[in-house]
Amino acid sequence: MTFRPKYITFDCYGTLTYYPMHNAAYDIYEGQLPPEQMRDFLKSFNDYRFDEAMGDWKPYLDVLRSSLERACRKHKLAYRDEHAKRIYDIVPTWGPHADVPHALSRIAKKIPLVILSNAMNEQIHSNVDKLQAPFHKVYTAQDAGAYKPRYAAFEYMLDQLGCAPQDILHVSANPRYDIFTAHELGIVNKVFVNRGHEP
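Report follows, based on the coordinates. All residue numbers here refer to positions counted from 1 along the written sequence of the relevant chain. Where local features are concerned, this predicted model is filtered to residues with pLDDT of at least 70; where side-chain atom pairs are given and counted, the filter is 80 or more; whole-chain, interface and lining totals use all residues. Water and hydrogen atoms were dropped before computing side-chain values, which therefore reflect all heavy atoms in the structure.

**Considerations on the overall build of the protein**
Piece 1. If you tally the helices and strands in the protein, you get nine helices and five strands.
Piece 2. In this description a helix means any DSSP run of H or I spanning at least four residues, a strand means any run of E spanning at least two, and both kinds are numbered starting from the N terminus. Overall, the protein shows an N-to-C arrangement of helices and strands of β-α-α-α-α-α-β-α-β-α-α-β-α-β.
Piece 3. Within these notes, the globule rule equals 2.2 Å times the number of residues to the 0.38 power, and the radius of gyration is based on C-alpha atoms. For a compact globule of 199 residues, the expected C-alpha radius of gyration is about 16 Å, and the protein comes in at 17 Å, within 12% of that figure.
Piece 4. By principal-axis analysis of the C-alpha atoms, the protein measures approximately 55 × 30 × 30 Å.
Piece 5. Classification of residues uses two cut-offs on accessible area relative to the type maximum, computed with a 1.4 Å probe and protein chains only: under 20% is buried, over 50% is exposed, and between them is partly exposed. Here the protein, with 199 residues, has 50% of them falling under the buried criterion.
Piece 6. Contacts are residue-level and defined by heavy atoms, with any inter-residue pair within 4.5 Å sufficient. For the protein, long-range pairs separated by at least 24 residues make up 64% of all intrachain contacts whose partners lie at least 6 apart in sequence.

Structural data, given as structure tokens:
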């Protein structure tokens, strides 16, 4: 029997929306480290964001501030709050991967689409508008009071949708943030989109 989900749920940044977070940080610190150290710095910034997401919810600007400050301290760079704010402010300008809008529009005619994102409400809707597809619901970490990969983020979405884990198909390019937790919570049907973010 063919599985037909009640909803197809998506991670947004990196999966649907192009996510050049490393470019935003690189533009600020370019020339302050040798190339190899710059790669290590950008990886640290990425890893500290994941670590910050594992704690209690706080506004995403605070997540960026903490993770950027920790990465700067580790690599002996000067940290300034305005650098984190500059990265935060650029997020809503990002648009979709080229393969996304047409595919989403076709799928949305048959199955309701949902986003679960580690975003603030003031950020996400600009990015969703650029996807050019109708979404049934858009849920954020701000709504859930928890960032992915915390179970609470996924549990909030499932509660709001009124469905069981086995009723949805979850799509993400982020194993650490999405796929592992989805598996652990019994979301049997998952799609990994390889955007080159993780091994």
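**Considerations on a positive patch on the surface**
Piece 1. Residues form patches when they are more than 30% accessible in relative terms and have no salt bridge. Like charges link within 9 Å. Nonpolar side chains (Val, Leu, Ile, Met, Phe, Trp, Tyr) link within 5 Å. In these tables, accessible area is a Shrake-Rupley quantity obtained with a 1.4 Å probe, and a residue counts as shielded only by the protein chains included in the view. The term salt bridge refers to a side-chain nitrogen of Lys or Arg lying within 4 Å of a carboxyl oxygen of Asp or Glu. Here the positive residues are Lys and Arg and the negative ones are Asp and Glu; neither His nor the chain ends is included. Taken as the charge location is NZ of Lys, CZ of Arg, CG of Asp or CD of Glu. Together, Arg4, Arg106, Lys109 and Lys110 line one region of the surface with positive charge.
Piece 2. Structurally, the position occupied by Lys109 is in the loop between α5 (100–108) and β2 (113–117).
Piece 3. Lys109 gets classed as exposed once you look at its relative accessible area, which sits at 72%.

**Things to note about the nonpolar core**
Piece 1. Nine residue types can take part in a nonpolar core, namely buried Ala, Val, Leu, Ile, Met, Phe, Trp, Tyr and Cys, and a core is a set of them joined through side-chain atoms within 4.5 Å. Phe41 and Phe135 are the most contacted members of the largest nonpolar core, which has 50 residues in total.
Piece 2. The contact partners of Phe135, leaving out residues within four places of it in the chain, are Phe10, Leu16, Leu104, Leu113, Val114, Ile115 and Val128.
Piece 3. Formed by 13 residues, the second largest nonpolar core is a distinct cluster that contains Tyr7, Val114, Leu161 and Ile168.

**Digging into the packing of aromatic side chains**
Piece 1. Here the aromatic set is Phe, Tyr and Trp, taking the six-membered ring for Trp, and pairing holds for ring centres within 6.5 Å; pairs whose planes are under 30 degrees apart are stacked, those over 60 apart are edge-to-face, and all others are tilted. Going through the model one piece at a time under the given rule, you end up with eight aromatic pairs.
Piece 2. Judged by centre distance (5.1 Å) and plane angle (85°), the ring pair of Phe50 and Tyr177 falls under edge-to-face. Here Phe50, found in helix α2 (residues 35–53), pairs with Tyr177, found in helix α9 (residues 175–184); they are 127 residues apart in sequence, far enough to count as distant. Judged on exposure class, the residue Phe50 and its partner Tyr177 are both buried.
Piece 3. Taking the ring centre of Phe50 as reference, the NZ or CZ of Arg176 above it sits at 4.4 Å. By definition here, charges over rings are those cases where NZ of Lys or CZ of Arg is within 6 Å of the ring centre and within 35 degrees of the ring normal.

**Points about helix α6 (residues 121–131)**
Piece 1. Along α6, the positions that sit buried rather than exposed are Gln123, Ile124, Asn127, Val128 and Leu131. Along the axis of α6, the buried residues cluster in a sector spanning 120°; they form a single face. In α6, the exposed positions angled more than 90 degrees off the buried face are occupied by Glu122 and Asp129.
Piece 2. Where the residues of α6 are buried, they touch α3 (60–74), α4 (81–90), α5, β2 and β3 (137–140).
Piece 3. At the C-terminal side of α6, Gln132 shows a positive phi close to 60°. Directions from the helix axis toward the C-beta atoms define the arc.

**Let's talk about the state of the cysteines**
Piece 1. Here, a disulfide means two cysteine sulfur atoms that sit within 2.5 Å of each other. Counted by the stated rule, this structure contains zero disulfides.
Piece 2. The structure places no disulfide on Cys163, whose sulfur is separated from the nearest cysteine sulfur, that of Cys12, by 19 Å.
Piece 3. Look at Cys163 and you get buried, because its relative accessible area is 12%.

**A word on the pairing of β3**
Piece 1. With four bridges connecting them, β2 and β3 associate as parallel partners. Bridge pairing in β3 links Ser117 to Thr140.
Piece 2. Note that the unit made of β2, α6 and β3 has a crossover that is right-handed. A pair of strands counts as paired when DSSP detects no fewer than two bridges linking them. We call a crossover right-handed when, viewed with both strands directed away from the observer, the connection leading from the first strand over the helix to the second proceeds clockwise.

**Examining the environment of Asp40**
Piece 1. For Asp40, the position within the fold is in helix α2.
Piece 2. Linking Asp40 and His75, residues 35 residues apart in sequence, is a C-alpha distance of 8.5 Å.

Geometric descriptors of this kind do not, in isolation, establish any biological role.
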